[in-house]
Amino acid sequence: MYGHVADLLADKGRQVYTARKSVTVHEAVREMNRKRVGALVVIDDHRPVGIFTERDVMRRIVDEDRDPALTLIVEVMTPDPVTATSSMSVEDAMALMTARRFRHLPVMEEGALIGIVSIGDLMRWVTLHQAEHIDRMAEYITGRA
Ligand code: AMP
C-alpha cells in the first residue's frame, strides 16, 4: 500500500551522512548537530561497518563516563548494522525497525550504501499516503471521483 523503500528515497533524496572509523565522538556529534541528523553510518573502505546514533551518546558516552574528545566512534558504534534493500516494502521496513527497536535503517543496493531512512521519514511517508487514500475513498463515496 505504501510502495517500496526506493519510492521513499526518490522523494526524500539519497543523502547519507557518514563518518570514518577514526573520528572522535566529539567530531561526530558536531557533524550530527551541523547536519541536524540523529545518526551517522560509519564507513570503512566504502563499506558500512557500523551505525552511531544519539542513543549511543546517551548510553555509551554519558552514562559510561567516557570523554567524547578521547573516544573514537568505532569504540561506541553498533557494528554490522541491520540494513534494508531499496526493493523492501515500506511496511517491512517499519516492521523491522519496530521489532529491532531502532529508528534508523541504512539502505543498500547491489552492495552499495544508497540512502538511509529514519522512523520519522517512514511516519511522514505513511501519513502522506494515508491522507491521499482517505481523499480517494471520500471522492468514491461522495461520487466526486
Ligand atoms: P536509534 O533508535 O536508531 O537511535 O538506535 C538505538 C540503538 O540501536 C543504538 O545503539 C544504535 O546504534 C542501534 N541502531 C540504530 N540503527 C541500527 C541498525 N540499523 N542496525 C543495528 N543497530 C542499530
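See the structure printed just above.
Residues numbered from 1 in each chain as written. Predicted model: local features only at pLDDT ≥ 70, side-chain atom pairs only at ≥ 80, totals over all residues. Heavy atoms only, no water.

### Here's the deal with the site of the ligand
(1) Moving on: The ligand sits among 13 residues. The nearest are Thr-53, Asp-56, Thr-78, Arg-103 and His-104.
(2) Moving on: Within the side chain of Asp-56, an N or O atom sits 2.5 Å from an oxygen atom of the ligand.
(3) Moving on: Residue His-104 places a side-chain N or O atom 2.7 Å away from an oxygen atom belonging to the ligand.
(4) Moving on: Relative to its unbound accessible surface of 480 Å², the ligand loses 94% to contact with the protein.
(5) Moving on: Taken together, the elements giving at least two residues each to the shell around the ligand come down to strand E3 (47-53), helix H3 (54-62) and strand E6 (104-109).
(6) Moving on: Here the shell around the ligand is composed, by residue class, of five nonpolar, three polar and five charged. (Near = heavy atom within 4 Å. Polar contact = N/O pair within 3.5 Å; in protein donor to acceptor, adjacent residues only side chain to side chain. Areas by Shrake-Rupley, 256 points an atom, 1.4 Å probe, with all protein chains shown as cover. Helix = DSSP H or I, 4+ residues; strand = E, 2+ residues; numbered from the N terminus. Nonpolar A, V, L, I, M, F, W, Y, C, P; charged D, E, K, R; others polar.)

### A look at the environment of Val-5
(1) Moving on: With respect to the secondary-structure elements, Val-5 resides in helix H1 (residues 5-12).
(2) Moving on: The exposure class assigned to Val-5 is buried, which follows from its relative accessible area of 1%.
(3) Moving on: In this structure Val-5 touches Thr-85, Ser-86, Met-88, Ser-89, Val-90, Ala-93, Val-107 and Val-117, once residues within four positions along its chain are discounted. (Buried < 20%, exposed > 50% of the residue type's maximum accessible area, 1.4 Å probe, protein only. Contact = heavy atoms within 4.5 Å.)

### Quick word on the nonpolar core
(1) Moving on: Val-5, Leu-9, Val-90, Leu-105, Val-107, Val-117 and Leu-122 are the most contacted members of the largest nonpolar core, which totals 16 residues.
(2) Moving on: The element that contributes the greatest number of residues to this core is helix H5 (residues 90-100), accounting for four residues.
(3) Moving on: One finds Val-23, Ala-28, Val-49 and Ile-73 within the second-largest nonpolar core, a separate group that totals 13 residues. (Core = buried A, V, L, I, M, F, W, Y, C linked by side-chain atoms within 4.5 Å.)

### Remarks on helix H2 (residues 25-35)
(1) Moving on: Burial in H2 covers these residues: Val-25, Ala-28 and Met-32. Burial along H2 is one-sided: seen end-on, the buried residues are contained in an arc of 60 degrees. For H2, exposure combined with an orientation more than 90 degrees from the buried face picks out Arg-30, Asn-33 and Arg-34.
(2) Moving on: Of the surrounding secondary structure, the elements contacted by the buried residues of H2 are strand E2 (39-44), E3, H3 and helix H4 (73-76).
(3) Moving on: Phi for Arg-36, located one or two positions after H2, is positive at around 60 degrees. (Arc of directions from axis to C-beta.)

### Quick notes on the layout of surface pockets
(1) Moving on: Taken as a whole, the largest pocket encloses approximately 390 Å³ of empty space.
(2) Moving on: As for the largest pocket, its lining consists of 17 residues, and the residues nearest its centre are Thr-53, Thr-78, Arg-101, Phe-102 and Arg-103.
(3) Moving on: Within the residue set of the lining of the largest pocket, elements represented by two or more residues are E3, H3, strand E4 (78-79) and E6.
(4) Moving on: With four residues, the top contributor of residues to the lining of the largest pocket is H3.
(5) Moving on: Taken together, the residues of the lining of the largest pocket break down into six nonpolar, three polar and eight charged.
(6) Moving on: Quantified by volume, the second largest pocket comes out at close to 300 Å³.
(7) Moving on: Taken together, 16 residues form the lining of the second largest pocket, with Val-37, Gly-38, His-104, Ser-118 and Asp-121 sitting closest to its centre. (1 Å grid on protein atoms, 1.4 Å probe; cavity = no way out; pocket = protein on both sides within 12 Å on 5 of 7 lines; lining within 4 Å. Points joined across faces, edges and corners; volume = space filled by probe spheres on them.)

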